[in-house]
Amino acid sequence: MRTDPATGTVHLPLWSGMRPVSALWFDAARFPAEARAQRMLGCWRSGAQALRFADGDLLRWPKPEWLACESLPGLPLCLIGHGTLSSAPLGSSELAATRGFDLVLVRGAQAIGLRLGDGAALDLSAWIEIGEYALHDTFDCSASIKAASIPRLKGRDVREVLGDAIPPPSAEREAFVKRAIAADHAQSRDHRSRPGQGIGGTLLDRLTGWLGAGAGLVAGIGSGSAATQRRGVHARRTPQRPSAWREALTRLVIATRASQLIGWRQGAYLRRMMKLFDEGDLGEALRHALPIDSTGASLGQSFSAPGRRQDLRLGGAGDASVNLNLGPEMQQHLREMYRKTFERLDRQGRIDEAVFVLGELLNARQECLDYLERHGRHAQAAELALAWDMPTATIVRLLLLADDWERAMQVARRDGQFGDAVLALEKTRPELAVKLRLLWGEALADRGEWLAAVDAVWPVPQARNLAIEWLRIAEEGGAALSARALVRRAEKLPDTLEKYGERIRALTLPGEGEQAEIAAAARSALADALLDVKQRNPAVAGIANALLPAIAADRAAGRNALGKSRLNKLLSLGGDPYLKADLPAWQLPTASKRTSLWSRDTPALHAAPAAGLAPIHDVAPLHDQRYLIALGEAGVLMVDARGRTLQRYPVPADALVIADNGRVALAVARREALSRVSRLDLVRHTASDLGSLRLDAHAREFDGAAWSVIADNRILVIDTAKSLRDVVWHVGDLPGRLVAVRYMPTFELYLLRTAHGFELWTYTLPTRRLGNRDAIEIDTDLPVLLMPFGRFAQPQMEPPAGDAVRVGFTTFGGRHGLEVKLPQAEGAASAAMAANDIQLHCDAAQQGLVFAVAGPSFTQLALCRLGDGAAVARMDWAAGVVPQFRESGQHLLFFDSEGRVLDLGNDHDTRIAFSVC
C-alpha cells in the first residue's frame, strides 16, 4: 500500500516483522513523562541519545538492531533514504514530500516531519534514585596495573661471558658489522620489490663494492629477522635462507671471469691464515680463523676474502655464515689444525681461547659446554647454552648447577620439560634433583595434571603427604579422572583400597541413557590405566578382575575399541584362574565405522534447539559430557548435556579459555581498555582472581598454565598459575602491526601489516619455532580467514539473484562457491533487496569454513570442506539471530544470545543440543 497522490495519506503506517530498528518513539498521548522515562531506561544502550519533543520522546541507539517490531515497548523507527528515521516504510514520492526532515512519524495516515535539532536533550540519570547509596571518591587504579615481567633468557655471547679475557671489539668493527647486515637486508628487499628486473647491469655495477662489503659476513655474523633477534624470553631460532640477491650474484660470477678473481683473493687469505697458525701467533691466527662444520644455515656464496676479527665473539644458535666453497680436503685440514690448537691452548691453561676454538671454529658446542663444566664454569656454560638454544634439559641442568633457579624454572615451564633434567641430575647432584622434582610436581598440579604430579614427586619420601593430597583431589575430578586415580591408588597405596569397594562396584554398573556412555568412558579410562601399570600387586589385580566383565560388555556393545590382545592382558593382570577358566573365547564384533562429519558426501541437516533464558557469551566442552558456559556478568556455569546446572562460579566471563585436560579454565571479562582474568579450578571448584591485563587477542585453549595472548602489539605466553605477570616466552619489536591472529592446536598464525604489505607468520607448536614468514596480498575490504603456511581465504557474498545468494571463496583446493536458498518470502522480494539486507558471517575450522547467511527473517548456516568446498552440514537457526562459533578439540560448538547450544561431533558426526535457562 502507498500514499494516495490526491490526499497524501500513507496506507502502511507501521513497521512489522524483523527489522533493523535504529530508534524508538514514545508518544506523549499514550504515556506520561515518568512512564516514558522508565521505558527509555529499560531500552538504553551505551552511546544512545534521548530527546524530548512536544509530542513525545525519542530514544536513538548508536547502531541498528534486528528486532521484532511487534514486541517493542515503543514505536520502532528504521532508517530510510539518506538516513531519515521513519516509523513506516515510505516510497520515493513519500520521501520527496518529507525531504529535509530527520524524523518522519506516520499518524492518522499522514506523514509528519520533525528535525532532531528541535528536540531537547534528556538526562535520564535524573530518573535514577541513588539517595540511599553512599558515594565515595574513587581511586585512580591505573598505576597499580603492573607490567608483565619479561625475564632474560636469551643468554650472552662469549665477550660478555668471558669478560676481560677477550679484548673489546673496535669501533670500526662495530660500524662495519652494521653496514654489512644493512647491505644484505637492503639488497634482499630490493630484489623482492623488483622481481621482474634483470640482474645483469645492476649487479655488475655493484660487484666491486659488494666484494669488499661482504668481507665480515664469513665471521659468523647473523642476519636474524625481527622474529629471532629478541631481548628477554625470545622465540626459538629459525634457520635462515640464502638471500635472493646472493644466489643471483653467484650465477653471475660463475658465468664471468670474476670468479677467478674471487677464488684468488680467498686462496691468498687462507694461506696467510694458516701461516699465522704455523708460526704460533695464536692470538692473531684466531682472529683470522674460519669456522667450519657450522650448524646454522648458509647465506650463500661469499664474494670476498674474509676479514680479521676484532674480538673472539661466538655466534648464536641461529647465526648464519656465507660459504667459501672449501673442498673436503681443506676442511679436514682446518679441522685437524683447529683440534691441535685447542689441545695446545688446553695444555697452556688458556681456557677462554680454548672455548672459542671449540664453540666457534669447530662448532663442537656440546663438547664446549662439557669442557666448561669440567672446569667448574657452570654460569658461563649456562649462558652459552641459552645463546646457542641447546636442548631444554641441558639448559635447565646448567642453570641449576650455576644456582640460577629462577631462570631454570622459567625455561622448564616455558618448554614444559622437567623429566630429562631430573634424570641428568639424579646421579651427580641428587639434592638438586629432589628440589627439581618438587617444583616439577607443583608445575603439573598448577596445570590440573594431578596424577602426573603424584608420579613426579612420589620418589621423594618427604613429599608423600603432598602426593596423597593430589591423589585425593584427582579422585573427585569426574568419572574418567577418578577411575584412573583409583588405579593409581591401588598401585601406590594398596593397603588403603579397602575403603573404595563401593566405588569399584559402582564402576561395574552399566548405567542408563547418557549415564551409560559416561560410565563406559570411565571404564575405558580405567582399562588404559591398568594396562599402563608397571608393577602388579593384589590390589591392582582385584580391580582388573572386578572390572573385566563390564569392560568386555562395553566392547560387545561397541562402547570401546579394545582388541583381543589388550583384553587378554587385562585377564592376565587379574590372574584369576576361575575367571580365566569360565571366560569363553573372545568373540568381538566388528567395530562399527563411524562417519566423520568432514568426510560426508551429502550435507547433514540440523535445526537450532529451543531458545533458553540466559544469553550465552561463550561455551567450552569438558569431559564426561559436561560444558562450561560464560554468562557475562552473571558468572560461569558448569552444565550437563541437558543444560542442567552442576556448578556455579561467581566470576564475570565474556570468554572462556579451557585447558587441554578440561580441569582448569580462565574466565576473561572485558573492562574497557583492560580485561579481568579469573582462574577456575574445575576439579576443586574454586575461583581466583589473576588480575587485569591489556589484551588485543588471546588463545581459547591452553595447557593449564602457559597462555598465548597479544598485548600492546606483542606476542606473549603468560604463566597463569599464580598471576598474569610471569611471561615465559615473547616476541616483541614486531616489524608491523598485528591485524589478525588464529590459534590452532599445532600452529599459531599471525597476520602483520608492515611498511611493505602484509606478512603471515606461522609458528609451529609446541616448540614455538617460526616455520614460515610469507608475504601475502589480501583485499582489505573482505574478511580474511587464516590457514597455516601462507594460506588464507577471503569469502565474498554476491548480490542476491532469484531465490538464492552465492558465497564465493578460495582455499588451497581452488575456487569454490556455496549457494544458500532464501526463504520463499525473501526470494520473491530479492530483486528489491538492498545489499545490506543480507549479511555474511564467516569463521574457520581446522578442516573447513563456517558460513552464516542472515536476513531479516532467516539465518542459515553451512560448514564447507577445505579441499573441495563441498557443504558437509547445513542448519536453520532462529530468524534474526546469528550464533557464535567455537571449535574445541573434536567439538564444533554453536551458541547464541538466546541460550541455545548445539555441539556437532567433529570426528563421529554426533549431535548434542540443549538450552540454558
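Each value, and the rule that gives it
- The numbers attached to residues start from 1 for each chain and follow its sequence in the written order.
- Since the coordinates come from a predicted model, pLDDT governs what is reported: local features require at least 70, and pairs of side-chain atoms require 80 or more to be given and counted, while whole-chain, interface and lining totals use all residues.
- Think of the side-chain values as coming from all heavy atoms in the structure, minus any hydrogens and water.
- Helix and strand definitions follow DSSP, with helices as H or I runs of at least four residues and strands as E runs of at least two, each counted in order from the N terminus.
- Partly exposed residues are those whose accessible area sits between 20% and 50% of the maximum for their type, while under 20% is buried and over 50% is exposed, using a 1.4 Å probe and protein chains only.
- Contacts: residue pairs with any heavy atoms within 4.5 Å of one another.
- The protein chains shown are the only cover counted for residues, whose accessible areas, like all others here, come from Shrake-Rupley with a 1.4 Å probe.
- DSSP-based pairing: two strands are paired if at least 2 bridges between them are found.
- Only the contacting stretch of a helix is used when fitting its axis, a line to C-alpha atoms as for every element, and angles between N-to-C directions run 0 to 180 degrees.
- Roughly parallel here means an angle under 35 degrees, roughly antiparallel means over 145, roughly perpendicular means 65 to 115, and every remaining angle is called oblique.
- Two helices crossing with the near one rotated counterclockwise from the far one by less than a right angle form a left-handed crossing, whereas a clockwise rotation gives a right-handed crossing.
- Under the convention adopted here, Pro, Cys and the residues Ala, Val, Leu, Ile, Met, Phe, Trp and Tyr are nonpolar, Asp, Glu, Lys and Arg are charged, and Gly plus all remaining residues are polar.
- Pairing of aromatic side chains here covers Phe, Tyr and the six-membered ring of Trp, requires ring centres within 6.5 Å, and sorts the geometry by plane angle: under 30 degrees stacked, over 60 edge-to-face, intermediate tilted.
- We call a charge positioned above a ring when the Lys NZ or Arg CZ atom is no farther than 6 Å from the ring centre and deviates by at most 35 degrees from the ring normal.
- Distance thresholds for patches are 9 Å for like charges and 5 Å for nonpolar side chains (Val, Leu, Ile, Met, Phe, Trp, Tyr), applied to residues having over 30% relative accessible area and no salt bridge.
- Whenever a carboxyl oxygen of Asp or Glu lies within 4 Å of a side-chain nitrogen of Lys or Arg, that contact is scored as a salt bridge.
- What makes a nonpolar core is a set of buried Ala, Val, Leu, Ile, Met, Phe, Trp, Tyr and Cys residues whose side-chain atoms join them at distances within 4.5 Å.

Engineer: Before we go on, may I ask you to explain the overall build of the protein chain in this structure?
Structural biologist: Secondary structure assignment for the protein chain yields 25 helices and 41 strands. Among the 917 residues that make up the protein chain, the fraction classed as buried is 51%. Contacts in the protein chain between residues at least 24 apart in sequence constitute 56% of all its contacts with a sequence separation of at least 6. As presented, the protein chain carries roughly 43200 Å² of accessible surface, and 51% of it is formed by carbon and sulfur atoms.

Engineer: Sorry, what's going on with the sheet that holds strand β16 (residues 655-659) here?
Structural biologist: Two pairing modes exist for strands in a sheet, parallel and antiparallel, and in both the strands are linked by backbone hydrogen bonds. Read from one edge of the open sheet, five strands run β19-β18-β17-β16-β21, paired in mixed fashion. Every other strand in the sheet has two partners, leaving β19 (686-693) and β21 (701-702) as the edge strands with one partner each. Two elements, β16 and strand β17 (residues 664-671), share four bridges in a ladder whose sense is antiparallel. Residue Ala655 lies in a different strand from β17, and its bridge partner there is Val668.

Engineer: Looking at this structure, I do not really get the packing of helix α11 (residues 365-374) against helix α12 (residues 378-387). What am I missing?
Structural biologist: Two packed helices can be described by the angle between their axes and the distance between those axes. Running from N to C, α11 and α12 point in directions that differ by 160°, and their axes come no closer than 8 Å. Taken as axis vectors, α11 and α12 run roughly antiparallel relative to one another. Here α11 and α12 pass one another in a crossing that is left-handed. Of the residues in α12, those in contact with Leu369, Leu372 and Glu373 of α11 are His378, Gln380, Ala381, Leu384 and Ala385. When its residues are assigned to classes, the contact of α11 with α12 shows five nonpolar, two polar and one charged.

Engineer: Even after reading the chapter, I still don't get the packing of aromatic side chains, so can you show me in this structure?
Structural biologist: Aromatic ring pairs: the centre-centre distance and the angle between the two ring planes describe each pair. A complete count under the given rule lists 10 aromatic pairs for this structure. Plain terms: the ring middles of Trp25 and Phe53 are 5.9 Å apart, the flat faces sit at 45° to each other, and that makes the pair tilted. Residue Trp25 is located in strand β1 (residues 18-27), and its partner Phe53 is located in strand β2 (residues 49-53); the two are separated by 28 residues in the primary sequence. Like Phe53, Trp25 is buried. Here the aromatic rings of Tyr750 and Tyr763 are separated by 6.0 Å at their centres, their planes lie at 80°, and the arrangement is edge-to-face. Of this pair, Tyr750 sits in strand β26 (residues 747-754) while Tyr763 is found in strand β27 (residues 757-764), placing the two residues 13 residues apart along the sequence. Across the pair, Tyr763 and Tyr750 agree in class, each one buried. These aromatic residues form a ring-pair network of at least three members: Trp729, Tyr743, Tyr750 and Tyr763. The ring of Trp405 carries Lys435 above its face, with NZ or CZ at 4.1 Å from the centroid.

Engineer: Is there a simple way to explain helix α13 (residues 392-401) in this structure?
Structural biologist: α13 sits mainly inside the fold: 10 of its 10 residues count as buried. Along α13, the positions that sit buried rather than exposed are Thr392, Ala393, Thr394, Ile395, Val396, Arg397, Leu398, Leu399, Leu400 and Leu401. On its buried side, α13 packs onto α11, α12, α14 (405-415), α15 (419-426) and α16 (430-446). Looking one or two residues past α13, Asp403 carries a phi angle of roughly 60°, positive in sign.

Engineer: So what exactly am I meant to see when it comes to α12 here?
Structural biologist: Structural remark: α-helix, 3.6 residues per turn; residues separated by three or four positions point the same way. In terms of residue burial, α12 counts as a mostly covered element, since nine of its 10 residues are buried. Taken residue by residue, α12 has His378, Gln380, Ala381, Ala382, Glu383, Leu384, Ala385, Leu386 and Ala387 as its buried positions. Asp389 sits one or two residues past α12 and shows a positive phi near 60°.

Engineer: Sorry if this is basic, but what is going on with a nonpolar patch on the surface here?
Structural biologist: A contiguous nonpolar patch, built from Leu41, Trp127, Ile128 and Ile130 and spanning about 360 Å² of accessible area, is present on the exposed surface. Mapped onto the fold, Ile130 is located in the loop between β8 (120-121) and α3 (158-162).

Engineer: Quick question: what am I supposed to make of the pairing of strand β14 (residues 636-640) here?
Structural biologist: Working note: regular strand, side chains alternate between the two faces of the sheet. Along β14, five of the five residues are buried, which leaves the element largely enclosed by surrounding structure. Going residue by residue along β14, you find Val636, Met638 and Asp640 tucked away on one face and Leu637 and Val639 tucked away on the opposite face as well. Both strand β13 (residues 626-630) and β14 contribute to a ladder of five bridges, which runs antiparallel. Its bridge partner being in β14, Ala630 is matched across the sheet by Val636. Bridge analysis of β14 against strand β15 (residues 645-649) gives four bridges, and the strand direction is antiparallel. Following the sheet pairing, Val636 is matched in β15 by Tyr649. In this structure, the hairpin formed by β14 and β15 is closed by a connection of four residues, where Gly643 is found at a positive phi of approximately 85°.

Engineer: How should I be thinking about the pattern of salt bridges in this particular structure?
Structural biologist: Once the charged atoms of two side chains with opposite charge are near each other, the side chains can pair. What the rule picks out here adds up to 43 salt bridges. Where Asp404 meets Arg407, a salt bridge forms, and the shortest distance between an N and an O atom there is 2.8 Å. Residue classification places Asp404 among the partly exposed positions, given a relative accessible area of 22%. For Asp554, the salt bridge is made with Arg523, and the minimal N-O distance between the two is 2.6 Å. Taken together, the residues span a long stretch of sequence, with Asp554 in helix α22 (residues 538-556) and Arg523 in helix α21 (residues 514-531) at a distance of 31 residues. A residue is classified by how much of its surface remains accessible, and Arg523, at 3% relative accessible area, is buried. Each of Arg413, Asp446, Asp719 and Lys722 takes part in a single network of salt bridges with overlapping partners.

Engineer: Can you help me understand the nonpolar core in this one?
Structural biologist: Note that soluble globular proteins tend to have their nonpolar side chains buried in a common cluster. Met273, Phe277, Tyr338 and Leu436 are the most contacted members of the largest nonpolar core, which totals 57 residues. Not counting the four nearest positions on each side in its chain, Tyr338 is found in contact with Met273, Phe277, Ala289, Leu290, Ile292, Val357, Leu361 and Leu362.

Engineer: Explain the packing of α21 against α22 here, please?
Structural biologist: The contact between α21 and α22 brings their axes to 10 Å, and the two run at 135°. The pairing of α21 with α22 is recorded here as oblique in orientation. The handedness of the crossing between α21 and α22 comes out as left-handed. Touching Ala520, Arg523, Leu526, Ala527 and Leu530 of α21 are Val540, Ile543, Ala544, Leu547, Ala550, Ile551 and Asp554, all from α22. In terms of residue class, the contact of α21 with α22 is made up of 10 nonpolar, no polar and two charged.

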